[in-house]
Every structure is written in structure tokens, then in C-alpha cells.
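Here is what each chain is made of, one letter per residue.
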Amino acid sequence: MAFIQFTGVSLAFGERDIIKNASFFLKDGTRAALCGANGSGKTTFMKILAGIIKADSGDCAIEKGCHVSYLPQSGIVHKGRTLREEAELAFLETKKMLQRCTKIENDLANSFDDDSKTKAMLAELHDLNERVENSGYNLREKNITLVFKGLGFKESDLMRNAQEFSGGWQMRIALAKLILEKPDILLLDEPTNYLDIEAREFLTKWLCAFDGAYLLVSHDKYFLDSTVNEVYELVAGNLKKYAGNYSKYQAVRAQEMQTLIERYKTQQEEIAKSEDLIRRFRYKASKAAMVQERVKKLEKMERIEIPESLKKIAIRLPPPIHSGKIALTLENICKSYGENHVIQDLSITIESGEKLLVAGANGAGKSSLLRIIAGEDTAYNGKIILGAGIKIAYFTQEASESVRGTISVLEFIEQDTPTELLPKVRDMLGAFLFRGDDVYKILDVLSGGEKSRLALLKMLLKPVNMLVLDEPTNHLDLDSKDILQEALQNYSGTIIFVSHDRYFMDALAAKTLELKQGMHRIFYGNYAYYLEKVANETENKNENDHSSEVPKSQTAISAISTVQKVENTNSKEQREQNKKLQAEIRKFKNSESYIIKKIEDLETEKQNIEAALSTPEVYSKGDAVRIHKEKLTNVEAQIEKLNTEWELLNANRVTISV
């Protein structure tokens, strides 16, 4: 059984304890994640496990022959070989085993003794042959093609020189080689950083089928939920293990945090009372003994501290400026790169307040569409009509290039921040990983990731009513993503975004625009809903090798439940049909919105009743209890009825092509 076992491991950088007396065990079948705030020491811990950094103290045991592979966050560059030649290096250890097999076979051919040495050589040869067989070496051509294709490479890329690929693709090459190695233990530090949604899905499936052990560091919650069943948290140098996936860890951690906060508040009250008493009676001789006792008690008290990284931070975006009901209309938008027609005849209307996800494979035109909407790209055909009063703020990964100069991070953000938000600037910077003295860093010394986070925050603080966001969660940790997600969910303006973060897409999107091979479709739901519908279409297509006709609809729900596909044409009749369908859909959405709002109001009322039932004023009086329980039963019945209505409406959603 392959394993790594660390006991009592400690490491300090100067006076700062990075890891304190940590114990860790990784064996076959372990699916673990390592979590903690940026700068908590996760990468350092991974390097200790990989043998790159030596700990100050502690014991380390690794099974003999155990093959451990480590993927760093960045910094790997491949050059001097083609992609296929780089892939072959993944089988270097196997080739060494084959060379050893050849030598043993030659030695055995010249040996005629049935002694212990011969038996040992035969045993070693048998073991080596088994390991070669299990390595996938004999199927390496097929495996190389499958792995590189799964990570987004074309088959023709295998003949290209490795140095031709950019930094993100360099890390994909490193990941592909590591997968092909089939090590016993994998240590992956941010493996999804440079992967799109399709490549992340491939890696997820591969890890779920992997029969070795792995430890992951990732800022992708959906990826972690899909791949791990235990979480190690590193906070203030202390390592603690939690059972379950990342969501389970979050729930348990939130409860622990609430308990810690309550203990902290109680202790602070006790400290305040003691300090007040000491101040009042310090100079009274008759109270000297009591004062000294209080002083000693405070000195001996073990103070409860809440780490900055664990404090709950919420940010509030400036309210959107007033605008009309229609935020944006696209009419017959076409975008081409030479002979590659990425967007063709795209017509869509977006209402104010909608949260639209643009989905599709790499090269489908997602970022191109966002640039067109934001006015950054004018080389297209078609027409864009902005709604009355619409003002756009646009974020792209290239936004970091505009963050430069000799002013500090704090000064840069305060320049254009609305006056009412200035008191919250430090909290907002903390949410985007600029904590403590980081706010005084000069812009020119920031890393690319830091500049990107700062550009995103500056854009979010602009008083606009439409946000166009291209990969806004890149360079954010899990907590920062949650903070951003909550802020955007509470934002009442319009949001059009592209993301590769599955959890973020599911949580934020209410509507999905699919771009695919120059075609497009609208799905009235989030990314999970979109995937479900596409999967159902694929299943139905396999069962029925023909297209179904489009029946006519009369009412909102019947229209939505019966229309399966509307052909994408430029005819006047077709456009009129689309307008009617959009009107029916708006009626449906308004009905759904009403039900959801009513459910939310009733849930609030239910919480208030339950809270009242726990107060002495109520539970000590029989009549009051009876009245409140009757109210509670009535509210719960209303909620159940509305949930049933909502489920009926939701069950009737389908995709509409426009």
C-alpha cells in the first residue's frame, strides 16, 4: 500500500509559524483537499510533502517505491521538444524498468544455477513486468491522444514545439504528463487555474476513476465537491481534518465559527467588566486585593482570537442607476475571424435586472460577444441597441494591464469610490485578498493576479446598471468567490458574464445563452439546468433520429411547455413569432417571480414565529403557544402550496431558440 505519513511536522519562517506540529496521512484511496486562506501556507505544506522543502522538525515516512508526483501552481516551461516528445517523458520510469527487465533476462540466460540469486531475479522480473503492464505503457499512443485531447489540445498540436504554447497551456502540458505517469500519490496545487469547463470536467472524471491517493488545493468549489471526501484546513499553522466534501466542511466550519464568535463576545464582555472594575478601584486600599486578583486573572486568561481570514466579510455594490425595462437588444449580430464565423445572426433581448450566463466551448465566441456588448469590439455586423439610461462596466482579464503607477492600492481604489462607500473600502479590499499592510503596496510591484483582483474591485464600485464580466472569479480564493457571488446576487442591475467556475455559474445565472458553432440558443435557467436540457436532448436524439415539429401555443405555460425548437431564420414572420414567444415567457417569468417573492416573505414570517416560540414571554403561556403554533401551521401550509405551484411552473420550462 502506497502511503505518506507525517507526524509532528513544524516549519517557521522567521518568527512566523507556517506549520505547527502537524500530522498527516495519505494512502491509497485518499481523496483529500487542503484549504486555507491565501498566504496560510498551503503551497509550502504541499512542497514539504513533495520533498521540495525540508521541515524544521517532525518525522516523515514514505513507503519504499512509492511514486509521488507534484504539480505546482505555475512556473513550468517546456521547450526543446515537440508535445509528443514531452508526453513520452511521462513514461521515463517505465522505460527504465524495461531496461532493467532486459538486463535481468540477459543475466538469467547466462545463469544455470537454481540458487537464491536466480529466484530473486525471477521475482524482480515478475514484479517489474506487472508494473510495466499497469503503467499503461503498451497503450501509451492511445492514452497520450486521449489525455491531451481531454485537456483541450488538438491532435495536430502533438507535433508542435512545446515552447509555442503560452503559460496556461504550459501548465496543461505538465498536468497531462503527470496524468500519464500514473503515480501512486498526486499532489495538485491549483490544477484548475488554467482549465476551461470542459478540461475541468475531464480532470474531475479522471480523478474519480484514479485508484491512487491525491491531495488537492483548488479555488473551485464544484470541483472539490465532486472529487474529495475529506478536507484538511490550515489556519494559523494548525492543521485540522474534516470528513466529507467541501460543502460539508463549510457547513461544519460555519457552525464552529458561530460558536467561536459567541465565546469571543462572552469573553470580551468579561474582559471589559474586569478592566472597568480595575480602573474604578485601582487606587482604593480597601479594594487592592480584589483588584490584584482581577489583574492576575486577566493576565492568565487565554484570549480567544478570530483569525482575520475567517471573519465574515460582506460587500455591497453601489445601487444601479435608473434605467428602462429593456437593458439591451442585439439584432442579427455576426462576428468572424477570417473564415471562422463564431457568431451568426444573433438576436436577443435582455431585460434590466437579468443575470445572463454566456456558455459554450472554447472558441465559440463568448469573450467576443462580451467585447461587442461592452463596445470594445466594433468589427462586427448587426445592431446593438442599449436601453434607456444603460451604463456599462466591463471586466476582462486584460483589465490588469491598466493597473499601474506609483500610488498605493488604497489610493487607487479610493479615487473613484462613491463617498458613501469610502468607510467600507478597507473591508472590500480585504474581501479581495488585500489585507493588513497589503493596501499600502505600490501598484507597479503587484503581481498579475493582484492587479486583476484590484481591477475587478474598482470596476464593481462604479455606479452603473449593467456589469459585463469575463471570468471574474479568476485569481480569487474560495472565500472571496463567495463574497463576490453574494454581492452579485444582491445586485439588482443587469449582469452578463462568462465563467469556468461551475458553482459560481449555477448560483448566479438565471438565464443561459449557448453559443455553439455559429449557432445560439436561450435556456431559461442556470448552468445546471442548461446541462440537464442538453443531456435530455442528446438522449432523445439517440431514441428519435428525427426532429420534432414545432406546435403552436396559446397560453404562457402551454407555449413554454410545448415549444421545443424554433428555427433560426431572418424572416419577418419568424421574428414576429419570436416576439410573441418572448412576451409569453415574460408573463411566465413574472408569475414565477411573484411566487418566489411570496415564498421568501412567508419563510421570513415562519422564522419570526419560530423565534417568538422560543421566548419566555410566549412559551410560558399556554394560550400564546397555541396561537403561535396555529399561525406556524397556517404559514407552513401556504409555503407548501406555493412550492407546489412553483414546481409545476418550473417543470414546464424548456429551451427556446431565437
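No experiment lies behind these values; they were computed from the predicted model shown. (Residues numbered from 1 in each chain as written. Predicted model: local features only at pLDDT ≥ 70, side-chain atom pairs only at ≥ 80, totals over all residues. Heavy atoms only, no water.)

Student: I tried to follow the overall build of the protein on my own but got confused; where do I start?
Tutor: A tally of regular secondary structure across the protein gives 21 helices and 19 strands. Of the contacts formed within the protein by residues at least 6 apart in sequence, a portion of 70% connects residues at least 24 apart. Carbon together with sulfur atoms contributes 49% to the accessible area of the protein, which is approximately 34800 Å² in total. (Helix = DSSP H or I, 4+ residues; strand = E, 2+ residues; numbered from the N terminus. Contact = heavy atoms within 4.5 Å. Areas by Shrake-Rupley, 256 points an atom, 1.4 Å probe, with all protein chains shown as cover.)

Student: Just checking my understanding: could you explain the nonpolar core for this structure?
Tutor: When a protein is soluble and globular, its nonpolar side chains tend to lie buried together. Core analysis: the biggest nonpolar cluster contains 49 residues, and Leu 429, Phe 432, Leu 454, Leu 460, Leu 467, Leu 488 and Phe 497 have the highest contact counts within it. Per-element accounting of this core gives the leading share, six residues, to helix α14 (residues 448–460). Other than its neighbours up to four places away in sequence, Phe 497 contacts Leu 356, Leu 357, Val 358, Leu 370, Leu 469, Phe 504, Met 505, Leu 508 and Ala 509. By size, the runner-up hydrophobic cluster in this structure holds 41 residues, among which are Ala 87, Phe 148, Leu 186 and Tyr 242. (Core = buried A, V, L, I, M, F, W, Y, C linked by side-chain atoms within 4.5 Å. Buried < 20%, exposed > 50% of the residue type's maximum accessible area, 1.4 Å probe, protein only.)

Student: How do you make sense of helix α4 (residues 116–134) when you look at a structure like this?
Tutor: Side chains of residues three or four places apart in an α-helix project in the same direction, reflecting 3.6 residues per turn. Relative to the 27 Å expected for 19 residues at 1.5 Å per residue, α4 spans 27 Å between its end C-alpha atoms, a close match to the ideal helical length. The set of residues buried in α4 consists of Thr 118, Met 121, Leu 125, Leu 128 and Val 132. For α4, the angular spread of buried residues about the axis comes to 85°, placing them on one side. Structural note: α4 exposes Ser 116, Lys 119, His 126 and Asn 134 on the side pointing more than 90 degrees away from its buried face. Along its buried surface, α4 packs onto α3 (92–109). Of the residues flanking the end of α4, it is Gly 136, one or two places downstream, whose phi is positive at about 80°. (Expected span 1.5 Å × (residues − 1). Arc of directions from axis to C-beta.)

Student: I would appreciate a short explanation of the pairing of strand β11 (residues 340–351) in the present structure.
Tutor: Here is the key point about a regular strand: its side chains alternate between the two faces of the sheet. For strand β10 (residues 326–337) and β11, the ladder comprises eight bridges, and the chain directions are antiparallel. By the bridge assignment for β11, Thr 329 is matched with Thr 349. A loop of two residues connects β10 with β11, the two strands running antiparallel in sequence, and Gly 338 in this loop sits at a positive phi of about 65°. (Pairing = 2+ DSSP bridges.)

Student: So what exactly am I meant to see when it comes to the sheet that holds strand β13 (residues 381–386) here?
Tutor: Note on sheets: strands pair through backbone hydrogen bonds, and any given pair is parallel or antiparallel. Read across the open sheet, the three strands follow the order β11-β10-β13; overall the sheet is antiparallel. In this open sheet, the two strands that pair with only one neighbour each are β11 and β13. Looking at each pair of strands side by side, their axes are set apart by 10° on average, direction ignored. Two strands pair when backbone bridges link them, and β10 and β13 are joined in this way by five bridges, in the antiparallel orientation. What sits directly across from Thr 329, in β13, is Ile 385. Where helix α11 (residues 366–374) meets the sheet, it contacts β10, β11 and β13, and its direction lies at approximately 125° from that of β10. (Axes fitted to C-alpha atoms, helices over the stretch in contact; angles between N-to-C directions.)

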